Amino acid sequence: MNQHTHLFAHIFLVLKIRVLSLFIKIESDTSLPLVHGNLRLQKMLKDFPCGIGIYEDDMGKRVLLKTWKGSAKTYAYYQLLKEVRLYELLNGVIDRIGPSLEDKYRQVRIPRILEKEISPKKITAVFEYIEDSVHLSDIVSYSEKSRVYNLATDYWRYIGSHLNEDERKMLPRRNFIDTLIIYAIVLVYAVLRFPSKIPDLMRTASIVYGAIPLLRETWREELIHRDFHFENVLVNKDFITIIDFGDNALSHPLQIFTNSLHWEWENVESKKVILN
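The structure presented is a predicted model; accordingly, all values stated were derived computationally and were not measured. (Residues numbered from 1 in each chain as written. Predicted model: local features only at pLDDT ≥ 70, side-chain atom pairs only at ≥ 80, totals over all residues. Heavy atoms only, no water.)

Enquirer: Report on the environment of Glu144, specifying residues and quantitative values.
Expert: Checked against the element boundaries, Glu144 lands in helix H3 (residues 142-160). Judged by its relative accessible area of 27%, Glu144 falls in the partly exposed class. At 2.9 Å, the side chain of Glu144 and the side chain of Arg147 are in polar contact. (Helix = DSSP H or I, 4+ residues; strand = E, 2+ residues; numbered from the N terminus. Buried < 20%, exposed > 50% of the residue type's maximum accessible area, 1.4 Å probe, protein only. Polar contact = N/O pair within 3.5 Å; in protein donor to acceptor, adjacent residues only side chain to side chain.)

The following block contains the structure:
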């Protein structure tokens, strides 16, 4: 398979859906059922491309349900489908590691898929719900936040090191050339959206492109989360749980930290706006 196949396939998919939407009215439904089997809707979560809600059974056990329905497959359909497959893939790797899992990683986990229904016009997936947890961003102690963050990122690298060749083929790749192309696209988008930041963006771009020879020389591909920020790590008294890894890929591990820094920068900037 050509090393750029996943990137170009992703771009083609987005363009195809956009073009089709100009000629065909694509109706999608993100509403949630009040009842799903023995589960009853307790809370609906908003601002997501698919329907997401917290449900509870007769015994008071809660789960997270995600669903999409539509007349034709949209980008949200493929995103949810990819997320379901990645949850199953990585939990399969964890099951295979089994008792040989290193002790320091035994408190880190990812949710399980409890139920799924997939058809061309509908996807419904029921995930484990993490009870009594807080986001890593809510932890006040910087030393504890750093400990949890480092343990979670090390765990992700450890799971990735146990992928076999067939499993690696199921994941998109973001190699050196792909990364430069994506960075250029994001840079143009940032310039158009934040013109006041152009001097800062240009300084950053000069550093990035100046580092190309070193980056190419040291390039390696590992399993990366691609959305690894403090809201996607949940902590309770028993476990550290990593969520929302539907954008997983094989790429340079530096991207994990740039994702985290980007999220933190956005939050700092938004707080400045609120304070001003």
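Having seen the structure, we can now continue with the description.
Enquirer: Residues and numbers for a nonpolar patch on the surface, please.
Expert: Taken together, the side chains of Ile177, Ile181 and Ile185 present a nonpolar region at the surface, about 240 Å² in accessible area. By the element assignment, Ile185 lies in helix H5 (residues 176-193). Judged by relative accessible area, Ile185 falls into the exposed class, the value being 51%. (Patch = residues over 30% accessible without salt bridge, like charges linked within 9 Å, V, L, I, M, F, W, Y side chains within 5 Å. Areas by Shrake-Rupley, 256 points an atom, 1.4 Å probe, with all protein chains shown as cover. Salt bridge = Lys/Arg side-chain N within 4 Å of Asp/Glu carboxyl O.)

Enquirer: Provide a residue-level description of the sheet that holds strand S9 (residues 134-135), including the pertinent values.
Expert: Within the open sheet, the 4 strands sit side by side as S6-S13-S12-S9. Their pairing is mixed. If you trace the sheet from one side to the other, it starts and ends with strand S6 (108-109) and S9, each paired once. One ladder, built from 2 bridges, connects S6 with strand S13 (residues 240-242); its direction is parallel. Bridge assignment links Arg109 to a residue of S13, and that residue is Thr241. Running over the sheet, H3 touches S6, strand S12 (233-235) and S13 and is turned about 55° from S13. (Pairing = 2+ DSSP bridges. Contact = heavy atoms within 4.5 Å. Axes fitted to C-alpha atoms, helices over the stretch in contact; angles between N-to-C directions.)

Enquirer: Explain the sheet that holds strand S11 (residues 222-224) residue by residue, including any values.
Expert: The strand order across the open sheet formed by 3 strands is S10-S14-S11, and the pairing between neighbours is mixed. The open sheet has two edge strands with one neighbour each: strand S10 (173-174) and S11. Relative to strand S14 (residues 249-251), S11 runs antiparallel, the two sharing 3 bridges. Bridged to Glu222 within S14 is Ser251.

Enquirer: Give me unusual backbone geometry: which residues, what numbers.
Expert: Although it is not a glycine, Asp132 adopts a positive phi angle of roughly 50°. Relative to the elements of secondary structure, Asp132 occurs in the loop between strand S8 (122-128) and S9. Asp132 gets classed as exposed once you look at its relative accessible area, which sits at 70%.

Enquirer: Go over the pairing of strand S5 (residues 62-70) with me, naming the residues and quoting the values.
Expert: Counted residue by residue, S5 has 7 buried out of 9 residues, so it is predominantly covered. Two elements, strand S1 (residues 28-29) and S5, share 2 bridges in a ladder whose sense is antiparallel. Bridging from a neighbouring strand, Ser28 pairs with Gly70 of S5. The pairing of strand S4 (residues 51-56) with S5 spans 6 bridges and is classified as antiparallel. Bridging from a neighbouring strand, Gly53 pairs with Leu65 of S5. Counting the residues that bridge the hairpin from S4 to S5 gives 5 residues, and of these Gly60 lies at a positive phi of roughly 90°. Note that S5 and S8 share 7 bridges and pair antiparallel. Across the sheet, Leu64 pairs through a bridge with Phe127, a residue of S8.

Enquirer: Could you give an account of the packing of helix H2 (residues 75-97) against H3, with specific residues and numbers?
Expert: Direction vectors running N to C along H2 and H3 enclose 80°, while the axes themselves pass 10 Å from each other. Between H2 and H3, the angle falls in the class roughly perpendicular. The residues of H3 that touch H2, namely those facing Leu90, Val93, Ile94 and Ile97, are Tyr155, Trp156, Tyr158 and Ile159. Here the residues of the contact of H2 with H3 sort into 8 nonpolar, no polar and no charged. (Parallel < 35°, antiparallel > 145°, perpendicular 65-115°, else oblique. Nonpolar A, V, L, I, M, F, W, Y, C, P; charged D, E, K, R; others polar.)

Enquirer: How would you sum up the pairing of S8? Please name residues and give values.
Expert: Most of S8 is tucked away, with 5 of its 7 residues classed as buried. One ladder, built from 6 bridges, connects strand S7 (residues 113-119) with S8; its direction is antiparallel. Within S8, the position partnered with Ile113 by the bridge is Phe127. The hairpin turn running from S7 into S8, its antiparallel successor, is 2 residues long.

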